[in-house]
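Report on the structure
Below are the chains, spelled out letter by letter.
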Amino acid sequence: MDGHLPQHCNGGDSDQSHYKTREKRADRLAKIESLQIKFLRLIRRIGQSLDNPLVGKVLYRLHLATLIRVGESELKKSSFRNGVVRAIATEEEATGRPELDFSFRVLVLGRTGVGKSATINSIFDQVKLVTDPFQPATDEIEEVVGTVNGIRISFIDTPGLLPSSPANLRWNRKVLRSVKKFIRKNPPDIVLYFERLDFINIGYSDFPLLKLVTDIFGPAIWFNTILVMTHSSAALPEDGNGYVVDYESFVTQCTNLVQHYICGVVSNAKLENPILLVENHSLCKKNTLGEKVLPNGQVWRSHFLLLCICSKVLGDANVLMKFQDGLQIGPASGVRLPSLPHLLSNLLRGHSSSSKVETDSELNSDTDDDEDYDSLPPIRILTKSQFEKLTKSQKDDYLDELDYREVLYLKKQLKAESKKRRDYLNSKEASVTNDDNYDNDDLALEAVQLPDMAIPPSFDSDLPVHRYRCLVLNDQWLARPVLDPQGWDHDVGFDGISMETNLDIRKDLQATVVGQVSKEKQDFSIQSECAAIYTYLKGSTVSAGFDVQTAGRDLICTVHGETELKNYKCNTTGCGISVTSFGNKFFVGGKVEDAINVGKKLKLVLNGGCMGGLGQVAYGGSITASLRGRHYPVRNDITSLTMTFVSFDKENVIGGNFSSEFRLSRDTRMSVSANLNSRKMGQLLIRTSSSERMEIGLIAVASIIRALLRSRGTGDLSAE
Ligand SMILES: Nc1nc2c(ncn2[C@@H]2O[C@H](COP(=O)(O)OP(=O)(O)OP(=O)(O)O)[C@@H](O)[C@H]2O)c(=O)[nH]1
Ligand SMILES: [Mg+2]
């Protein structure tokens, strides 16, 4: 194995730790290379082609994993070895030296009589286990070991499960529990779940049995499971017209059905289990080498070996690279731990609760150099024909004037709204002291119907009376149903509710709650953010919040607190802490922040913090400069430039982010955001919205895309 160690010269590098890291990476690279050689030898040995898409997929994933762990520069140095690796594998396999040491352990599960024991016998090509066509044959867990093509395979044969019914539940549970106990100390590499292809038809449903397996072993079992269909050469059924259905489409139909149920039990619609078609009958068609061949020409035993080898090699790479999550054909476990850098950047980004306070103070700062809307001289609004008669420059002047007046009018409205709220809160406080007789008639709003949601076409009635309507009863609570776009019809489609409120509890105390809850038969998900913010001493604030989110079957809860002290007119210093719980794991973080306003428009924010959990700590910080447009907050023009720095697990990542939102012309707004980090990952996002005609928007989008393609920009592009 060590013979394939890539030779790196270290160029007299004096930095000890840097050298050690490089050495570690080189060691990992050597190990992954030897795994690649092993994999290529195995593929040759079982007679599969290197062009098989599955083989390509595994090689690609190994390459990707190496890239993540070892780094591109290190990998480039060894890229010339790619061809060498293949040559070494070919040579080693031809000479048979060194001896290939590869083994895997397989657990078989399924209903009685589906052919579990018979399949094991077929794979070993000898009768190692008893089978019986008329009654259950395997009555206890039995481990059999054998060698196929020099690969040591160990099978755990289990007693068959009974079709699910209340009477059989006890037996099934007993079998599964004993299997669980059996594999506790030495878990299998691969699980085979058996069904009979000829028994699966549209009426098939043993959802309760799949559910029981999931309940006992946990959903993770399905991420490492191959679906095995026995009796794969059985006579094909006829379609409605008396023709025999096509083999491939019949198989796809049956496997899709079982896959659908598995996706149901793990609540993951994307899961795709590998499929293995099996035929154990002694009269099954054979090729010249005496191997059993399916009607589609596949040599199923070789395919079985291929699937297991791929699964095991990816699992080994996983262990080697110390990935928490699987590189398996599906993810290894259903639970993903939140990453520390992600939690840290959330903490540093802060919460938006203070923005309202800021907007209020912005509006109320009377240092405006704009005129007051009411003091403007009256203007004559032109009719369309009058407008048409104007010259081009007159038209522009006229539209500019209207624009200016619109800004002033909106500003006036915002100010009035903010004043009205303050007055209401003042009077509410007064009324609390002199009995609760405040007349808030002018604040009571009539119920307003929200516009109908755009719902995709489905099978429900066209009668609009049967649609869900949303009403806004007062301006404080907003509740809407949440539509599941995958829902079968609109009645089932609405399975959640989203609520939003912005409460002014007192003049100096505000609370916001935003949340969404969805409930299906098996699924429950919640996502909510609650925060309260207390303002004191002219703009200094204290805030506390509680966020809850479901992740799979777990809840992520975060409690956070922040304080901001306005120590000078243009300077605010703050600090914050957050505690996140995920299952029984805790992540604790803290940050300090300083914001400086330079003039009215420019704001500099500098922050730094750390986040710790599971024995690791991530450090990070950012510096942001944001420049507001002249008419902020009426027109939301803002440009900001951010530099971020994150250090985690001996790796430092520096990133830059630019975002800008502005008016391109009178009817067109544009937002551009771009980011790039030192790992050479980046994204470019351009959005335009225009009230002008559609064609103009399309021309703009097309020319942006063309310009970007010409400059061969990297990253994502989205244009709306
Ligand atoms: N035609 C055909 N018969 C099969 C196939 N697989 C299994 N059989 C037959 O089905 C019967 C039952 O097979 P077993 O291997 O005993 O089934 P099992 O799943 O181990 O059953 P338990 O041990 O009770 O759980 C045997 O007579 C097998 O010969 C197949 O692919 N095609
Ligand atoms: Mg058996």
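Residues numbered from 1 in each chain as written. Chains lettered and ligands numbered in written order. Predicted model: local features only at pLDDT ≥ 70, side-chain atom pairs only at ≥ 80, totals over all residues. Heavy atoms only, no water.

Our working definition: UniProt positions are given in the numbering used here, feature names are shortened, and annotations may be inferred rather than shown by experiment.
With an unreviewed UniProt entry as reference, the chain is termed AIG1-type G domain-containing protein, source organism Stephania cephalantha. As stated in UniProt under Cofactor (unreviewed entry), the record for the chain gives "Mg(2+)". Quoted verbatim from the Subcellular location (unreviewed entry) heading of the UniProt record, the comment on the chain is "Plastid, Chloroplast outer membrane".

**Quick word on unusual backbone geometry**
Defined as follows: Strands are runs of DSSP state E lasting at least two residues, helices are runs of H or I lasting at least four, and both sets are numbered from the N terminus onward.
Positive phi outside glycine occurs at Asp125, with the angle close to 60°. Secondary-structure assignment places Asp125 in the loop between α5 (116–124) and β2 (142–148). Positive phi outside glycine occurs at His231, with the angle close to 55°. Topologically, His231 is positioned in the loop between β5 (225–230) and α8 (247–266).

**Considerations on the nonpolar core**
Our working rule: Definition used in this section: a nonpolar core is a set of buried Ala, Val, Leu, Ile, Met, Phe, Trp, Tyr and Cys residues joined via side-chain atoms within 4.5 Å. Partly exposed residues are those whose accessible area sits between 20% and 50% of the maximum for their type, while under 20% is buried and over 50% is exposed, using a 1.4 Å probe and protein chains only. Note on definitions: a residue-residue contact is assigned when non-hydrogen atoms from the two residues lie within 4.5 Å.
With 90 residues, the main nonpolar core has Phe104, Leu109, Ile153, Phe155, Leu192, Trp222 and Phe304 as its most contacted residues. In terms of residues, this core owes the most to one element, helix α9 (residues 300–321), which gives twelve residues. Excluding residues within four positions of it along the chain, Phe104 makes contact with Ile151, Arg152, Ile153, Ser154, Asp189, Ile190, Phe304, Leu305, Cys308 and Lys312. With ten residues, the next largest nonpolar core counts Leu343, Leu344, Ile556 and Phe587 among its residues.

**Observations regarding the pattern of salt bridges**
Note that side chains of opposite charge can pair when their charged atoms are close. Test applied: Within this document, salt bridges are pairs made up of a side-chain nitrogen of Lys or Arg and a carboxyl oxygen of Asp or Glu, the two lying within 4 Å of each other.
Scanning the entire structure with this criterion turns up 17 salt bridges. Between Arg111 and Asp206 there is a salt bridge whose closest N-O contact spans 3.7 Å. Note that Arg111 is positioned in the loop between β1 (103–110) and α5 and Asp206 in the loop between β4 (190–196) and α7 (207–217), a separation of 95 residues in sequence. We classify Arg111 as buried; its relative accessible area is 17%. Asp206 sits in the buried class, given a relative accessible area of 4%. Across the salt bridge formed by Glu401 and Arg405, the nearest N and O atoms sit 2.7 Å from each other. You can see Glu401 and its partner Arg405 sitting in helix α13 (residues 392–433), four residues apart, about one turn around the helix. Arg405 gets classed as buried once you look at its relative accessible area, which sits at 11%.

**Re the coordination of the magnesium ion (ligand 2)**
The test is simple: Listed donors are limited to N, O and S atoms within 2.8 Å of the metal, widened to 3.2 Å for Na, K and Ca; water is not among them, so incomplete-looking sites are possible.
Summarising the metal site, the magnesium ion (ligand 2) is bound by the protein donors Ser117 (OG) and Thr138 (OG1), whose distances to it range over 2.0 Å. Remark: Thr138 occurs in the loop between α5 and β2 and Ser117 occurs in helix α5; sequence separation between them is 21 residues. Across the pair, Thr138 and Ser117 agree in class, each one buried.

**Section: the environment of Leu277**
Take Leu277: it is sitting in strand β6 (residues 275–277). Separated by 82 residues in sequence, Leu277 and Glu195 place their C-alpha atoms 9.9 Å apart.

**Some words on the site of ligand 1**
So the rule is basically this: Being near a molecule or strand, for a residue, comes down to having at least one heavy atom within 4 Å of it. N or O atoms closer than or at 3.5 Å make up a polar contact, with two conditions inside protein: a donor-capable atom paired with an acceptor-capable one, and, for residues adjacent in sequence, both atoms drawn from side chains. Areas reported as accessible are Shrake-Rupley estimates using a 1.4 Å probe. Residue values count occlusion only from the protein chains shown. When residues are grouped by polarity, Ala, Val, Leu, Ile, Met, Phe, Trp, Tyr, Cys and Pro land in nonpolar, Asp, Glu, Lys and Arg in charged, and all others, Gly among them, in polar.
In the vicinity of ligand 1 lie 22 residues, with Thr112, Lys116, Ala118, Thr138 and Glu279 positioned nearest. Between ligand 1 and Thr112 there is a distance of 2.6 Å, counted from an oxygen atom to a side-chain nitrogen or oxygen. One of the backbone nitrogen or oxygen atoms of Asn280 is found 2.9 Å away from an oxygen atom of ligand 1. When ligand 1 sits alone it has 650 Å² of accessible area, and the protein chains cover 86% of it. It is α5 that provides the largest number of residues to the shell around ligand 1, a total of three residues. The residue inventory of the shell around ligand 1, partitioned by class, reads seven nonpolar, eleven polar and four charged.

**Things to note about the confidence of the model for the chain**
Rules: Residue-level confidence of the predictor is summarised by pLDDT, bounded by 0 at the bottom and 100 at the top.
Averaged over every residue, the pLDDT of the chain is 79; the share at 70 or more is 76%. Every residue in residues 1–14 is under pLDDT 50, and counting partners more than four places away or in other chains gives 21 contacts. In the predicted structure, residues 712–720 sits below a pLDDT of 50 and forms 19 contacts with residues beyond four places in sequence or in another chain. Here the predicted complex carries an ipTM of 0.99, next to a pTM of 0.52.

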